[in-house]
Amino acid sequence: MIINLKHGVLDLNQPQVMGILNVTPDSFSDGGKFNAVDTALFQARQMEADGAAIIDIGGESTRPGAEPVNIEQELDRVIPVITAIRNESDIPISIDTSKPEVMLQAVQAGADMVNDVCALQLEGAPDVVAELDVPVCLMHMLGEPRTMQASPQYNDLIEDIKMFFKQRIDQCLAAGIKQERILLDPGFGFGKTPEHNLSLIKHFREYLSFELPLLAGVSRKSTIGYILNKEVDERLYGSIALATIATMNGASIIRAHDVAATVDAIKMCQAVNLAP
Ligand code: PT1
């Protein structure tokens, strides 16, 4: 299967890596040697060289406990970075946002697809994506980032998320978004206990029933820290293990910080899957 982007295509006949490019103040740790745009450009070049098929740019942190940012702040962070990358590279860009105005301006600045952890539930978001006619990743989250880890509860984790997808897909189709533009992400780390997150990866295949490409974001997340008792900068091996399992269970796109390692891991998955 291939996904048509605003410019170019994403070939999902092999699993691909989506490189994470956070443009949030807490993601700068170079001590002020480079400005935000130069730092982002540098990271984007490295991820492209390492084999990322797409770069996911986000200006609002959605990790547990994160506070929302306003629209001006988010635009000020992401638009100059999208413009700068577009100036020197054709690499596909995904905009990680829930705000319809940011989706619009990001795509106008050169982004190729939308990645929304709120699955287009903000007022006006489905209409904007329908009008832009770009691919969109609909992610499941229970609650909102600031409070989602309080005490997440499900009737039936896998089925509850399936019902959410069905409802979101129906609303997207009703707004005029084409079926072939939709990707799904069950939202590892979003309103889920470590047990929920592990179960999600174990049963990832279940979501293939929608016959849409699946995305998995496990990179450096706290469930890995919980199992391995490791800090965020020590979670590479755990991240690769989960990316491998998700890929073997049908994920088409792995969202990751460590692009080179993740590319090798999923190439091995693909090789095993194609073996006689
Ligand atoms: C994701 C994702 C995302 N994750 C998609 N977009 C984040 N489609 C941002 C933790 O438990 O998985 N899929 N955009 C980052 N969010 C988190 C969530 C980061 C949880 C860390 C944790 O540590």
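Residues numbered from 1 in each chain as written. Predicted model: local features only at pLDDT ≥ 70, side-chain atom pairs only at ≥ 80, totals over all residues. Heavy atoms only, no water.

K.L.:
Please explain the site of the ligand as it appears in this structure.
P.N.:
What surrounds the ligand is a group of 15 residues, the closest being Asp 96, Asn 115, Asp 185, Lys 221 and Ser 222. Between the ligand and Asn 115 there is a distance of 2.7 Å, counted from a nitrogen atom to a side-chain nitrogen or oxygen. One of the side-chain N or O atoms of Asp 185 is found 2.6 Å from a nitrogen atom in the ligand. Alone, the ligand offers 500 Å² of accessible surface; in the complex the protein occludes 90% of this. (Near = heavy atom within 4 Å. Polar contact = N/O pair within 3.5 Å; in protein donor to acceptor, adjacent residues only side chain to side chain. Areas by Shrake-Rupley, 256 points an atom, 1.4 Å probe, with all protein chains shown as cover.)

K.L.:
Where do I start with the sheet that holds strand S8 (residues 182-185) in this structure?
P.N.:
Note: strands within a sheet are paired through backbone hydrogen bonds, in either parallel or antiparallel orientation. Across the sheet, which stays open at both edges, the 8 strands sit in the order S8-S7-S6-S5-S4-S3-S10-S9 with parallel pairing between neighbours. Where the open sheet ends on each side, the last strands, each with one partner, are S8 and strand S9 (215-217). Within this sheet the neighbouring strands show an average axis-to-axis angle of 25°, counted without direction. For strand S3 (residues 16-22) and strand S10 (residues 253-256), the ladder comprises 4 bridges, and the chain directions are parallel. When the bridges of S10 are listed, Met 18 appears paired with Arg 255. Across the face of the sheet, helix H2 (residues 71-88) comes into contact with S3, strand S4 (54-58) and strand S5 (93-96) while running at roughly 175° to S5. (Pairing = 2+ DSSP bridges. Helix = DSSP H or I, 4+ residues; strand = E, 2+ residues; numbered from the N terminus. Axes fitted to C-alpha atoms, helices over the stretch in contact; angles between N-to-C directions. Contact = heavy atoms within 4.5 Å.)

K.L.:
How should I be thinking about the packing of aromatic side chains in this particular structure?
P.N.:
The relative placement of two aromatic rings is captured by the distance of their centres and the angle of their planes. Throughout the structure, instances matching the rule amount to 3 aromatic pairs. Ring centres of Phe 164 and Phe 165 lie 6.3 Å apart, and the angle between their planes is 55°; on these two criteria the pair is classed as tilted. Given the relative accessible area of 13%, Phe 164 is considered buried. Accessibility expressed as a relative area gives 0% for Phe 165, which makes it buried. With a centroid separation of 5.8 Å and 90° between ring planes, the pair formed by Phe 165 and Phe 210 is classed as edge-to-face. (Phe/Tyr/Trp six-rings, centres within 6.5 Å; stacked < 30°, edge-to-face > 60°. Buried < 20%, exposed > 50% of the residue type's maximum accessible area, 1.4 Å probe, protein only.)

K.L.:
What exactly am I supposed to notice about the state of the cysteines here?
P.N.:
In protein chemistry, a disulfide is the covalent bond that joins the sulfur atoms of two cysteines. Inspection of the entire model under this criterion finds 0 disulfides. Here Cys 137 stays unpaired: no disulfide links it, and the sulfur of Cys 172, its closest cysteine neighbor, is 11 Å away. On the accessibility criterion, Cys 137 (0% relative accessible area) is buried. Given a relative accessible area of 0%, Cys 172 falls into the buried group. (Disulfide = S-S within 2.5 Å.)

K.L.:
For this particular structure, what's the right way to read helix H9 (residues 259-274)?
P.N.:
Each full turn of the α-helix corresponds to 3.6 residues, which orients residues three or four apart in the same direction. Taking 1.5 Å of rise per residue, the 16 residues of H9 would be expected to cover 22 Å, and the 22 Å separating its terminal C-alpha atoms lies within 8% of that figure. Within H9, the full set of buried residues consists of Val 259, Thr 262, Val 263, Ala 265, Ile 266, Cys 269 and Gln 270. The buried side chains of H9 occupy one side of the element, clustering within an arc of 165° when seen end-on. The outward face of H9, more than 90 degrees from its buried face, is lined by the exposed residues Asp 264, Lys 267, Met 268 and Val 272. Looking at the buried side of H9, the elements it contacts are S3, helix H1 (36-49), helix H8 (236-248) and S10. (Expected span 1.5 Å × (residues − 1). Arc of directions from axis to C-beta.)

K.L.:
Quick question: what am I supposed to make of the packing of H1 against H2 here?
P.N.:
Contact geometry of H1 with H2 gives a least axis separation of 9 Å together with a crossing angle of 50°. Judged by the angle between their axes, H1 and H2 are oblique. Note that H1 runs across H2; the crossing there is right-handed. On H2, the residues touching Val 37, Ala 40, Leu 41, Ala 44 and Arg 45 of H1 are Pro 80, Val 81, Ala 84, Ile 85 and Glu 88. Partitioning the contact of H1 with H2 into residue classes produces 8 nonpolar, no polar and 2 charged. (Parallel < 35°, antiparallel > 145°, perpendicular 65-115°, else oblique. Left-handed = near helix turned anticlockwise from the far one by under 90°. Nonpolar A, V, L, I, M, F, W, Y, C, P; charged D, E, K, R; others polar.)

K.L.:
Explain the pattern of salt bridges here, please?
P.N.:
Opposite charge on two side chains allows them to pair when their charged atoms are near. A complete count under the given rule lists 13 salt bridges for this structure. Salt-bridge contacts for Arg 255 lead to Asp 96; the nearest nitrogen and oxygen are separated by 3.3 Å. Of this pair, Arg 255 sits in strand S10 while Asp 96 sits in strand S5; the two residues are 159 residues apart in sequence, bridging distant segments of the chain. Here the two residues Arg 255 and Asp 96 agree in accessibility, since each one is buried. (Salt bridge = Lys/Arg side-chain N within 4 Å of Asp/Glu carboxyl O.)

K.L.:
So what exactly am I meant to see when it comes to the layout of surface pockets here?
P.N.:
Leftover empty space is mapped by rolling, across the atoms, a probe with the size of a water molecule. Taken as a whole, the largest pocket encloses approximately 950 Å³ of empty space. Lining the largest pocket are 39 residues, and of these Asn 22, Arg 63, Ser 219, Lys 221 and His 257 lie nearest its centre. Secondary structure elements with two or more residues in the lining of the largest pocket: S3, H1, helix H6 (194-202), S9 and helix H7 (222-228). Along the lines of polarity and charge, the residues of the lining of the largest pocket split into 11 nonpolar, 17 polar and 11 charged. (1 Å grid on protein atoms, 1.4 Å probe; cavity = no way out; pocket = protein on both sides within 12 Å on 5 of 7 lines; lining within 4 Å. Points joined across faces, edges and corners; volume = space filled by probe spheres on them.)

K.L.:
Any chance you could explain the side chain of Arg 86 here in plain terms?
P.N.:
With respect to the element layout, Arg 86 can be found in helix H2. Within the local environment of Arg 86, its side chain forms a polar contact with the backbone oxygen of Ile 91, the two atoms lying 2.8 Å apart. Ignoring anything within four residues of it in the chain, the contact list for Arg 86 reads Ile 91, Pro 92, Ile 93, Ala 109, Gly 110 and Asp 112.

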